[in-house]
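Letter by letter, the chains look like this.
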Amino acid sequence: MKKGGSTAVLERPKVVVRAAAGQRDVPDGPGAHGGDEQGDLYGRIAVSLTVLAFLIELAGVIARAASVERAPWGNMYEFNITFSTVAVGVYLTLLALKKNVRWMGLFLITSVLLDLGIAVTVLYTASDQLVPALHSYWLYIHVSTAILCGAVFYVGAVTTILYLFKDSYESKLAGGGKPGKFATSFLERLPASASLDKFSYRVNAAVFPLWTFTIIAGAIWAGDAWGRYWGWDPKETWAFITWVAYACYLHARATAGWKGRKAAYLALIAFGCWLFNYYGVNIFVSGKHSYAGV
Amino acid sequence: MSKTTPDATGTPPAGDEDLGAAGSQLSTAPEDTLNMPSLGVIGWVRWFWRQLTSMRVALLLLLLLSLGAIPGSLIPQSGTDETKVADFRKNNPTLGDLYDKLGLFHVYSSVWFSAIYILLFVSLIGCIIPRTWQFVGQLRGRPPGAPQAPDPTAAYTTWRTETEPEQVREAALALLKKRRFRAHLAGDAVAAEKGYLREVGNLAFHIALIVMLIAFAWGQLFKMEGNKLIVEGGGFSNTLTQYDDFKSGSLFTADDLDPFSFNLKDFQGTYEKSGPNRGTARTFQADVTYSLGAYGKSKKTIIKVNEPLEIGDSKVYLTAHGYAPVITVRDGKGNVVYHDAVPLLPLDSNITSSGVVKVMDGYRDPQGKREQLGFEAFFLPTYTPGNEVSSTFPALGNPVLNLAGYYGDLGVDAGVPQSVYQLDKTHLKPFKNGKGQQRENLRPGETMTLPNGAGSITYESTEEWANFQVTRQPGSGWALAGAIAAIFGLAGSLFIQRRRVWVRAVRGDDGITVVEMAGLGRSESAKVPEELGALADALYDQAPGAPEPDEDSTETPNPQAVPAERPGK
Ligand code: HEM
C-alpha cells in the first residue's frame, strides 16, 4: 500500500473475496509436482506422452472406423476405445484451456488404461456390420454426444472422488488429527476440497444440457426408426434415470443447499447410473438397442 | 458466526441464508420450512401444500422417480414384450403373482409410479406459479438498495478519490447502464443487477417439463399402432379389420383412423456383396402408391427404414421384410386347389425363413373325400451346398424351398385363433415315401409330387413382402417443442449468472470521497469478482485515487487500513 507522497501513482483498487461462511479457507495444493522444479519437468513429460498416446489411440479408432466403413461405435469394443479416447481428449482440452487440471492425469490415465485393457481382451469383437435401423444421422448425433457426455461426466466423477478424499483429509487436519504419510504426500498436492467441489459441479452442470439433448436426439431417432419416440426400452429408461439423478444433484446444489459431501454422493450415484446404463444394461438386460452385442 | 464445517454438524451450509436480505431476491427459490401446522383442517391442507411444494420434497420426489423407474428396466414389461412376461409368470408363479399385485409388469402405467410423477408435477406447478409472480414483481421493481453492512460473501473493493460523491455516483450509474445492468440511484449508492435471463431460463425449463409431460400423456391416451404385412402387389386400407395386430391408447376410437390406403408395388433390398459389411442392407425400400380419403388421387412414393411416409396424422413405417414363395397346389386330378404367395418369417439376418402353407378347402383326396393339407416350408434365399440349415446371403442368390406335407384336419374350424405361421399337427398325418416323411428341396419352377396320387405342390417363383407399422402419436410436436425449450431454458439457467453490484460514494470527514463497491452472485463463481474488478477499473479512471491522508492525522478512520476487514465484522 503506497502512502504519503501526493504525487505518487496510486494502485488500482484491489478486489477482496473471502470464502463463503461455513467453508474451510484452505489454499489449493501445488499440484502433483509438489512445487518441485524437477517434478514439474516430469509432469510436462507425462503430459507430452499423454498427447502422443492420445494421437496413437485416435489413429487406432480411425483405423477401426475405416476397416468397418462406418462410425466406430457399433459394439462395446468400439464404444470403449472411442470413449476412452474422448475422455483423454476432454482432459487435454481442459489443459489446453489453461485449467488447473494436471493433477487429474494419474487417475484418468490409470482408468483409461484399465478400460483399454478390458476392451482388447474381454470385449474384443472382429469388424462386423450394423443393422439397418442404425443407419440414420440422428444416430451419429445421438451416440457422439452420448460418448462426449460420458467422458465429461467421467471427469466430473473422478474429481468428485478426489474431493471426498481431500475433504476427509482436511477435516482430519482441522480436527487436529494426523493423516498417514502416504495420504499426506498424495493429498496435500491436490487443490483444496472447495476447489475440487466447485470444479466437479461446473463440469457436471456444463454437460447436463448436452446430456438432455442426447436423450432428445435419441428419442427423435427412435421415433424415426421404431415408430415411437419413447418406449421405456431399458437403455432409454436408464438414460432417463441418469438424467433424473443428475437433475437431483443440480437441484440439491442450487436449491436445497446440499453442498459438499451429500451432493458429492448424489453426483457419484448419478455417474453410477450412467455406467450401469452402459455396461449393466448391455450385459444383463436385453432391449432394442442392438449394438448391445458384448 | 462460528466457522463449523457444514458436514460435521449435518446442517446444510448456510450459503442461502447467508445471502441475507441483500441476496434474498437473487433467486425466486422458495425457503424451506418444516414448521408443524397449527390445528385445523385448513391448517393441515396448507401445511401439506407447503410441504409438497418445498424444495426438500421436490428433491425427494425426483429421487423417488429415478428409483421407481428402475424395476421397469429389469422386469419384463407387458407393454413391450408380452411373451417374456408370460414366460416369467410360468417360471416364477409366486413371484409373478406378487409382481402382478404391485403392478411391476407395467411399471410406467402403475398406480404408484403415476402417483410419484403426478405429485412431482403438482409440486412443480405449485412451485412455478408463485415463482413466476415473484419474478414479475422483481422485474417491475428495482434492484434492492445497498445494504448498510456489505455481505461477508460479497466481493468488495474501496478507494478514496477527490471527485465529488455525486459525480462518482453518476459515473457509476452511467457505467453500469452501459454494461446492461439495471441500475438506479438509491440514497448514497447505486444499486444494479444483471442476469435476469437466468431466472427466465429456469422458469422456462420447468414449464417446458410440464408441457412435455402433458404432451406425453396425451400421446399415450390417443395413440395407435398397428401392423400389416403386405406381399408385393398387395394393398391396404386403413381400417381396423385390415390390421394383423392393433394396439391403441384408452381414449382412441376407430373414427380417429386417418382415411388412406396404399399398395406395395415393389420391395427392393440390395446388400453389400463383400468386405466386412457383407450382407448389410445397401438399399432397403418399398415403392408404394398411396391415396388419401376414399377417392383421393394416388401418388407414388418410397418408404425407407428411417424415413416413414406421413399421411395425415399417421406415419407408415417400413419395419421388416422377407420372402413369399408363390405356391400352387393341385389335387390328384390336376385341378388347382391353391395358388398364392405365402409370406415366410425370417429367422436370421440372412433371411433364412420358415412358415406354412394351409390348403383349407377345395381339396379332395384320391378317394374323393374332403380333406385339408398343410405344408411346412423352410426357405433359403441363398443356398450353398453343404449348408442345409441356413442361408448364406440375404438376397435371392440361389433360392431353395424345402417342403414337407401333411394331410387331415388343420384344426382351423375349432374356433381357436391360430397362427398363420404354424401347423397344429394333432389331427394331421405326414405324407410318407419309402424313406419316411417325404421332404424335398425345390428350386423355382420345380414340383414335388405327393405320394399315392395325392396331388402335387409347385414352387413357382418368389415375391417379397414388407411389414408396415402404422402409428399415430398425437402430441409429439408439443413434446419436441417442450424438449427444445427445456434445453435452452436449462442452458440459460446454468450458464447465466445473476448478480448484483453496489457502488457507494460518500464524503468522508476529511472532505475526500470514499468509494465502496461490492458484487454478489448467487452461486459461487470466479466471474463476479472478475467483473467487479473490471467495473472498478473503469470507474477508477473517472474517479482517480486521492493521496492517502497523513499518517498522523488520527481523527478520521482510514477505510484502507484494513482492506480485508469490512464494516460489520
Ligand atoms: C420434474 C422434475 C424436475 C426437474 C428435472 C428439475 C430440474 C432442475 C434443474 C436441472 C435445475 C438446475 C438449474 C439451476 O441450477 O439453475 C433446477 C433448479 C430449480 N428447480 Fe427444478 N426440477 C424439477 C422439479 C422442480 C420442482 C418440483 C420445484 C419446486 C418445488 C423446482 C424448483 C426449482 C428451483 C427453485 C430451482 C433453482 C432456481 C435457482 O437456482 O434460482 N424444480 N431444477
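Residues numbered from 1 in each chain as written. Chains lettered and ligands numbered in written order. Predicted model: local features only at pLDDT ≥ 70, side-chain atom pairs only at ≥ 80, totals over all residues. Heavy atoms only, no water.

## Brief notes about the overall build of chain B
Of the regular secondary structure elements, chain B holds twelve helices and 24 strands. In chain B, which comprises 569 residues, the share counted as buried stands at 46%. Within chain B, contacts between residues separated by at least 24 positions form 65% of all contacts whose residues are at least 6 apart in sequence. Taken as a whole, chain B presents about 28,700 Å² of accessible surface, with 57% of it coming from carbon and sulfur. (Helix = DSSP H or I, 4+ residues; strand = E, 2+ residues; numbered from the N terminus. Buried < 20%, exposed > 50% of the residue type's maximum accessible area, 1.4 Å probe, protein only. Contact = heavy atoms within 4.5 Å. Areas by Shrake-Rupley, 256 points an atom, 1.4 Å probe, with all protein chains shown as cover.)

## A few points about the coordination of the iron atom of the ligand
Every protein donor of the iron atom of the ligand is accounted for by His251(A) (NE2) and His206(B) (NE2), and the metal-donor separations fall at 1.9 Å. Relative to the metal, the six donor atoms surrounding the iron atom of the ligand lie at angles of 86 to 179°, and the coordination shape comes out octahedral. Here His206(B) lies in helix 10 (residues 197–222) and His251(A) lies in helix 7 (residues 234–254), a pairing that spans two chains. Each member of the pair, His251(A) as well as His206(B), is classed as buried. (Donors = N, O, S within 2.8 Å, 3.2 Å for Na, K, Ca; no water. Tetrahedral: all angles 85-135°; square planar, octahedral: opposite > 155°, others 65-115°.)

## Description of the sheet that holds strand 9 (residues 299–304) of chain B
Where strands meet in a sheet, backbone hydrogen bonds hold them as pairs that are either parallel or antiparallel. All names here are of chain B. The antiparallel open sheet is built from four strands, whose spatial order is 5-7-8-9. Looking along the sheet, the strands with just one partner apiece sit at the ends: strand 5 (235–237) and strand 9. Adjacent strand axes in the sheet meet at a mean angle of 30° when their direction is disregarded. Pairing geometry for strand 5 and strand 7 (residues 260–271), over three bridges, is antiparallel. Looking at strand 7, one finds that Phe236 is bridged to Phe262. (Pairing = 2+ DSSP bridges. Axes fitted to C-alpha atoms, helices over the stretch in contact; angles between N-to-C directions.)

## Comments concerning the sheet that holds strand 2 (residues 182–186) of chain B
All names here are of chain B. Spatially, 1-24-23-3-2 is the arrangement adopted by the five strands of the open sheet, whose pairing is antiparallel. Among the strands making up the open sheet, the edge pair consists of strand 1 (155–161) and strand 2. Strand after strand, the sheet turns through a mean of 15° between neighbouring axes, direction not considered. By the bridge criterion, nine bridges tie strand 23 (residues 499–507) to strand 24 (residues 513–521) in an arrangement that is antiparallel. Its bridge partner lying in strand 24, Arg504 is registered against Glu516. Sheet strands in contact with helix 12 (residues 527–542) are strand 1, strand 3 (189–194), strand 23 and strand 24, and its direction is about 155° off that of strand 24.

## What to know about the pattern of salt bridges
Residues and elements named next belong to chain B. In the structure shown here, the tally under the stated rule is 19 salt bridges over all chains. For Glu199, the salt bridge goes to Arg131, with nearest N and O atoms at 3.6 Å. Remark: Arg131 occurs in helix 8 (residues 111–140) and Glu199 occurs in helix 10; sequence separation between them is 68 residues. Taken as a pair, Glu199 and Arg131 share a single burial class, namely buried. Here Arg472 ties to Asp313 by a salt bridge, and the two come within 3.7 Å at their closest N and O atoms. Taken together, the residues Arg472 in strand 22 (residues 455–472) and Asp313 in the loop between strand 10 (309–311) and strand 11 (314–330) connect sequence positions 159 residues apart. (Salt bridge = Lys/Arg side-chain N within 4 Å of Asp/Glu carboxyl O.)

## Observations regarding the packing of aromatic side chains
All names here are of chain A. This structure, assessed with the given rule, holds 42 aromatic pairs over all chains. A ring pair is formed by Trp230 and Phe240, whose centres lie 6.5 Å apart and whose planes are at 70°; its orientation type is edge-to-face. Taken together, the positions of Trp230 in the loop between helix 6 (193–226) and helix 7 and Phe240 in helix 7 put the pair ten residues apart, joining distant regions of the chain. Looking at Trp230, the relative accessible area reads 14%, which means it is buried. An aromatic cluster is present here, built from Phe79, Phe83, Tyr154, Phe271, Trp274, Tyr278 and Tyr279 joined pairwise through their rings. (Phe/Tyr/Trp six-rings, centres within 6.5 Å; stacked < 30°, edge-to-face > 60°.)

## Description of the nonpolar core
Among the nonpolar cores identified, the biggest contains 114 residues, and Met104(A), Phe153(A), Phe199(A), Trp211(A) and Trp243(A) are the most heavily contacted of them. Looking at which element gives the most residues to this core, the answer is helix 4 (residues 137–174) of chain A, with 17 residues. Apart from residues no more than four positions distant in its own chain, Phe199(A) is found in contact with Leu94(A), Val101(A), Trp103(A), Met104(A), Val155(A) and Thr159(A). Among the nonpolar cores identified, the runner-up in size contains 50 residues, and Tyr271(B), Val288(B), Tyr459(B) and Phe468(B) belong to it. (Core = buried A, V, L, I, M, F, W, Y, C linked by side-chain atoms within 4.5 Å.)

## Describing the environment of Asp245(B)
Relative to the helices and strands, Asp245(B) resides in strand 6 (residues 245–248). For the pair Asp245(B) and Gly226(B), spaced 19 residues apart in sequence, the C-alpha separation works out to 5.6 Å.

## Observations regarding the pairing of strand 15 (residues 372–380) of chain B
Residue and element names in this part refer to chain B. The element strand 15 is extensively covered by neighbouring structure, given that seven of its nine residues are classed as buried. As paired elements, strand 15 and strand 16 (residues 400–408) share nine bridges and run antiparallel to each other. For Glu376, the partnering residue across the bridge sits in strand 16 and is Ala404.

## A closer look at the environment of Pro259(B)
Residues and elements named next belong to chain B. Here Pro259 shows up in the loop between strand 6 and strand 7. Sequence spacing of Pro259 and Asn238 is 21 residues, and the spatial spacing of their C-alpha atoms is 6.0 Å. Non-local contacts of Pro259, meaning those with residues more than four positions away in its chain, are made with Leu292 and Gly293.

## Thoughts on unusual backbone geometry
Backbone geometry at Trp232(A) places phi at a positive 55°, although glycine is not the residue there. Relative to the assigned elements, Trp232(A) resides in the loop between helix 6 and helix 7. Residue classification places Trp232(A) among the buried residues on the basis of a relative accessible area of 18%. The backbone of Arg180(B) sits at a positive phi, close to 60°, despite the residue not being glycine. Overall, Arg180(B) belongs to the exposed group, its relative accessible area being 70%.

## What to know about the packing of helix 10 of chain B against helix 11 (residues 476–495) of chain B
Residues and elements named next belong to chain B. Remark: helix 10 packs on helix 11, axes separated minimally by 7 Å, with the N-to-C direction vectors making an angle of 155°. Between helix 10 and helix 11, the crossing angle belongs to the class labelled roughly antiparallel. The way helix 10 lies across helix 11 gives a crossing that is left-handed. Contacts between helix 10 and helix 11 involve Arg198, Gly201, Asn202, Ala204, Phe205, Ala208, Val211, Met212 and Ala215 from the former and Trp478, Ala479, Gly482, Ala483, Ala485, Ala486, Gly489, Leu490, Gly492 and Ser493 from the latter. (Parallel < 35°, antiparallel > 145°, perpendicular 65-115°, else oblique. Left-handed = near helix turned anticlockwise from the far one by under 90°.)

## Overview of the confidence of the model for chain B
Residue and element names in this part refer to chain B. Of all residues in chain B, 86% have pLDDT values of 70 or greater, and the mean over the chain is 83. This stretch, residues 1–22, has a pLDDT under 50; its non-local contacts, to residues over four places away or in other chains, come to 36 contacts. Across residues 551–569 the pLDDT falls below 50, and counting only partners more than four positions away or on other chains, this stretch makes 25 contacts in the model. This prediction of the complex comes with two scores: 0.81 for pTM and 0.86 for ipTM. (pLDDT = per-residue confidence, 0-100.)

## So, a nonpolar patch on the surface
Taken together, the side chains of Leu41(A), Tyr42(A), Ile45(A), Leu49(A), Leu52(A) and Ile56(A) make up a nonpolar region of the molecular surface, amounting to roughly 610 Å² of accessible area. If you trace the backbone, Leu41(A) turns up in helix 1 (residues 37–68). (Patch = residues over 30% accessible without salt bridge, like charges linked within 9 Å, V, L, I, M, F, W, Y side chains within 5 Å.)

## Let's talk about the confidence of the model for chain A
Residue and element names in this part refer to chain A. Mean pLDDT over chain A stands at 82; residues scoring 70 or higher make up 86%. Summarising per-element confidence for chain A, the mean pLDDT is lowest in helix 5 (residues 181–187) (81) and highest in helix 2 (residues 76–96) (92). Within the model, pLDDT remains below 50 along residues 1–9, and this stretch shows eleven contacts once partners closer than five positions in the same chain are excluded. Low confidence marks residues 290–294, where pLDDT is under 50. Its contacts with residues over four positions away, or in another chain, come to 14 contacts.

## What to know about the side chain of Asn204(A)
All names here are of chain A. Note that Asn204 resides in helix 6. Take Asn204: its relative accessible area is 3%, and that puts it in the buried class. Non-local contacts of Asn204, meaning those with residues more than four positions away in its chain, are made with Phe153, Gly156, Tyr246, Tyr249 and Ala267.

## Thoughts on helix 7 of chain A
Note on helix geometry: an α-helix contains 3.6 residues per turn, so any two residues three or four positions apart are oriented the same way. An ideal rise of 1.5 Å per residue puts 30 Å on 21 residues; helix 7 of chain A measures up with 30 Å between its terminal C-alpha atoms. Taken across its 21 residues, helix 7 of chain A has 20 buried, putting it largely inside the fold. (Expected span 1.5 Å × (residues − 1).)

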